[in-house]
Amino acid sequence: MNQKQLEDSIFEAVSDTIERVWTIEEKQLIQNDSELQSHLREWLNNSLSDTCWHPDNYKIVQDLNTPLNFSPPTMLENEEIHIPF
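1. Section: the packing of helix α3 (residues 34-47) against helix α4 (residues 55-64)
Then step 1. Two numbers describe how α3 lies on α4: the axes approach to 10 Å, and their chain directions differ by 115 degrees. Considering their axes alone, α3 and α4 lie roughly perpendicular with respect to each other. In terms of crossing hand, the pair formed by α3 and α4 is left-handed. Contacts between α3 and α4 involve Gln37, Leu40, Arg41 and Leu44 from the first element and Tyr58, Val61, Gln62 and Leu64 from the second.

2. Side note on the packing of helix α2 (residues 24-32) against α3
Then step 1. Where α2 contacts α3, the two axes come as close as 5 Å, and the packing angle between them is 100 degrees. With respect to α3, the axis of α2 lies roughly perpendicular. Facing Leu29, Ile30, Gln31 and Asn32 of α2, the residues of α3 in contact are Ser34, Leu36, Gln37 and Leu40.
Then step 2. Across the contact of α2 with α3, the residue classes break down as four nonpolar, four polar and no charged.

3. Points about the pattern of salt bridges
Then step 1. The tally for this structure, following the rule as stated, stands at three salt bridges.
Then step 2. Among the ionic pairs, aspartate 8 bridges to lysine 4, the shortest N-O distance being 2.9 Å. Remark: lysine 4 and aspartate 8 occur in helix α1 (residues 3-13); sequence separation between them is four residues, near one turn of the helix.
Then step 3. Taking relative accessible area as the criterion, aspartate 8 reaches 41% and is therefore assigned partly exposed.
Then step 4. With a relative accessible area of 52%, lysine 4 lands in the exposed category.
Then step 5. The partner of glutamate 26 in a salt bridge is arginine 20, with the nearest N and O atoms 3.0 Å apart.

Reading guide: rules and limits
Residues numbered from 1 in each chain as written. Predicted model: local features only at pLDDT ≥ 70, side-chain atom pairs only at ≥ 80, totals over all residues. Heavy atoms only, no water. Axes fitted to C-alpha atoms, helices over the stretch in contact; angles between N-to-C directions. Helix = DSSP H or I, 4+ residues; strand = E, 2+ residues; numbered from the N terminus. Parallel < 35°, antiparallel > 145°, perpendicular 65-115°, else oblique. Left-handed = near helix turned anticlockwise from the far one by under 90°. Contact = heavy atoms within 4.5 Å. Nonpolar A, V, L, I, M, F, W, Y, C, P; charged D, E, K, R; others polar. Salt bridge = Lys/Arg side-chain N within 4 Å of Asp/Glu carboxyl O. Buried < 20%, exposed > 50% of the residue type's maximum accessible area, 1.4 Å probe, protein only.

Below is the structure:
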């Protein structure tokens, strides 16, 4: 897939009711593209009430909002991610 197709796929995963987890390729693109990260943060802030966010994708975008010098407590493996909607 090219970058545009990946971006479309990333947003499709959080705008469709399927709540699909992002692929490794999609996660890598998110990690390496600050503009895409910004768009995802905005999308998250504007679409939480849509309930289309898979908890894993939600956590990835929430982690983007965490300052680099902040070390949040590590989650236990079986601990559930709470999405506030």
